[in-house]
Amino acid sequence: MRFHFVLTLQALWTGVCQAAMQHYPAAWGHYDVCKSQIYSDEGLTWDYMACQPEVADMTQYLKVTLDPPNITCGDPPETYCALENPYMCNNECDASTEELAHPPELMFDTEGRNPTTFWQSTFWKKYPKALLVNITLSWNKTIELTDDIILTFESGRPEQMVLEKSLDYGRTWQPYQFYATDCLDAFTMEPKTVQDLTQHTLLDIICTEDYSRGYVWKYDKTVRFEIKDRFALFAGPRLHNMASLYGQLDTTKNLRDFFTITDLRIRLLRPATGATMVDENNLSRYFYAISDIKVQGRCKCNLHANICVYDKEKLSCECEHNTTGPDCGRCKRNYQGRAWSAGSYLPIPKGTANICIPNNIGPVIRQNVSSLGVANRKEARVCDNELLRCQNGGVCVNNVRCNCPAAYTGLQCEKPRCESELGGCGGPNSGQAPLTPPSSPTLLSLLLLMGSALLREASCWPAVL
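Engineer: Could you clarify how one ought to interpret the confidence of the model for the protein chain in this entry?
Structural biologist: It should be kept in mind that the predicted coordinates are not to be read in detail where pLDDT is low. When pLDDT is averaged across the protein chain, the result is 80; 75% of the residues are at 70 or more. Predicted confidence is poor over residues 1-28, with pLDDT under 50, and the contacts of this stretch with residues over four places away or in other chains come to 34 contacts. Confidence drops under a pLDDT of 50 for residues 427-450, and excluding neighbours within four residues, the segment shows 23 contacts in the predicted structure.

Spelled out as structure tokens, the structure:
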């Protein structure tokens, strides 16, 4: 009977684990819990973990600006010709009519609508002067990219384009990638693809010709900045070895910064012409039009938060581990007992929290704080609300020790004082009722314990995600 009961529990445990694993994407996996309570020899204590917000469609939270600001078509109304057919000139753009307007917000609306919605520029009116457009996407928050940046063009793909990034809210810019039909002619760079990169050249800025050639065909509308192919240089072709990537992100600062942005800028330098010569008699064929921009990522919280909120048109991390700031980039007031540090992905699966500790923590206790940042068992003497609480009516004194009632002792007042007396807690002078052995666990209590353990432990997760 007992053997059958154990098998039943094992089957339930396996099912719960499998369901939990199926809930999370394989690419970035866990790091969704910042702390949990566990039981130790010293009672209830906190177990801190590195944590980060879920991946999201970051185009929901951006502000878009165009330069020049009057570059959008339709004011005054205009008629455009098709690039592949100069005699098909029935495409209207009129900013005053909703059905014919093409404002910039249509780059981020729901795809799949019929007819397709898109932003469109004015045509190349001042040829041979370049038709230049800057599209700037700003988040007013540091974010980390987790998937390819994808631009879908309704017009022909640009013959020359630069994707740029900023890490300081648009004050300075650096190139992410160059795009051209002829890299040598446009940017004096040898053409390359992301497949030409290695672990040692991952941070190189390249010019690619893969996304700039030809007319507008059904499957030739997208321009990519390949994030996952760069991840794959460390994590393998299917991102099966994320431990390797996590290790590199932890130890190579420039690598983490490479996938971190506050702003993106798309510099459109030359529209698709479909030929070596521009038809100066029909310049209305040449313009830019974008139907969709995809930017997948998450708020950068330095592994100190698992929630990022959007309030009053601003993103911010809900910081844990006694940290604060938009990116959880500093310790809270009175929690600067050691220098702030970002969390670490390693060791998998929980990482290292690197929590901020109180200013007035004693020197002996400070020595007992693990260099990895995980709460040490001896931190039980720190009894502020964010770390460990005094139990059984104990009172915290100066955030250093628990002042226990007469019947209890221990770092957290978790032990009955009578345990150390002659005869134990069942003795005649103990002042307490005899301690009774716990009853046999019921099926329900075991299932509840298992569910609690599942939330606290990562034993269900595969070693590498």
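Having seen it, we continue.
Engineer: Sorry, what's going on with the pattern of salt bridges here?
Structural biologist: Between side chains of opposite charge, a pair can form when the charged atoms approach closely. Taken as a whole and assessed by the stated rule, the structure comprises 14 salt bridges. When the shortest N-O distance is used, the salt bridge between Lys 125 and Glu 78 registers 2.6 Å. In this pair, Lys 125 sits in the loop between strand E7 (119-120) and strand E8 (133-145) while Glu 78 sits in strand E5 (residues 78-80), placing the two residues 47 residues apart along the sequence. Given the relative accessible area of 44%, Lys 125 is considered partly exposed. Residue classification places Glu 78 among the buried positions, given a relative accessible area of 9%. Asp 279 is the partner of Arg 285 in a salt bridge, and the nearest nitrogen-oxygen pair spans 3.7 Å. Arg 285 gets classed as buried once you look at its relative accessible area, which sits at 12%. By relative accessible area, which is 26% here, Asp 279 ends up partly exposed. Among the charged side chains, a salt-bridge network with shared partners connects Glu 164, Arg 265 and Arg 267.

Engineer: Explanation requested: the nonpolar core in the structure shown.
Structural biologist: Burial of nonpolar side chains together is a common tendency in soluble globular proteins. Within the largest apolar cluster, 68 residues are counted, with the highest numbers of intra-cluster contacts made by Trp 119, Ile 135, Trp 139, Leu 264, Leu 268 and Ile 293. By residue number, the principal contributor to this core is E8, which donates 6 residues. Filtering out sequence-adjacent residues up to four positions away, Leu 264 remains in contact with Ile 135, Thr 136, Leu 137, Trp 139, Ile 149, Leu 163, Glu 164, Lys 165, Trp 173, Tyr 176 and Val 295. Val 162, Ala 180, Cys 183 and Cys 207 belong to the second largest nonpolar core, which has 7 residues in total.

Engineer: I keep staring at the packing of aromatic side chains and nothing clicks. Help me out?
Structural biologist: The relation between two aromatic rings is expressed through the spacing of the ring centres and the mutual angle of the planes. Going through the model one piece at a time under the given rule, you end up with 15 aromatic pairs. With a centroid separation of 6.2 Å and an interplanar angle of 85°, the aromatic rings of Trp 124 and Tyr 286 are classed as edge-to-face. Placement of the pair is Trp 124 in the loop between E7 and E8 and Tyr 286 in the loop between strand E14 (260-270) and strand E15 (289-294), with a sequence separation of 162 residues. The class of Trp 124 is buried, set by a relative accessible area of 3%. When the centroid spacing of 6.4 Å and the interplanar angle of 40° are considered together, the rings of Phe 225 and Phe 258 count as tilted.

Engineer: Looking at this structure, I do not really get the pairing of strand E16 (residues 296-299). What am I missing?
Structural biologist: Within a regular beta strand, the side chains point alternately toward one face of the sheet and then the other, so they alternate between its two faces. Across 2 bridges, the pairing between strand E3 (residues 56-57) and E16 is antiparallel. Note that in E16 the partner of Asp 57 across the bridge is Gln 296. In the sheet, E8 pairs with E16 via 3 bridges, with the strands oriented antiparallel. Bridging from a neighbouring strand, Ile 143 pairs with Cys 299 of E16.

What counts and what doesn't
Residues numbered from 1 in each chain as written. Predicted model: local features only at pLDDT ≥ 70, side-chain atom pairs only at ≥ 80, totals over all residues. Heavy atoms only, no water. pLDDT = per-residue confidence, 0-100. Contact = heavy atoms within 4.5 Å. Salt bridge = Lys/Arg side-chain N within 4 Å of Asp/Glu carboxyl O. Helix = DSSP H or I, 4+ residues; strand = E, 2+ residues; numbered from the N terminus. Buried < 20%, exposed > 50% of the residue type's maximum accessible area, 1.4 Å probe, protein only. Core = buried A, V, L, I, M, F, W, Y, C linked by side-chain atoms within 4.5 Å. Phe/Tyr/Trp six-rings, centres within 6.5 Å; stacked < 30°, edge-to-face > 60°. Pairing = 2+ DSSP bridges.

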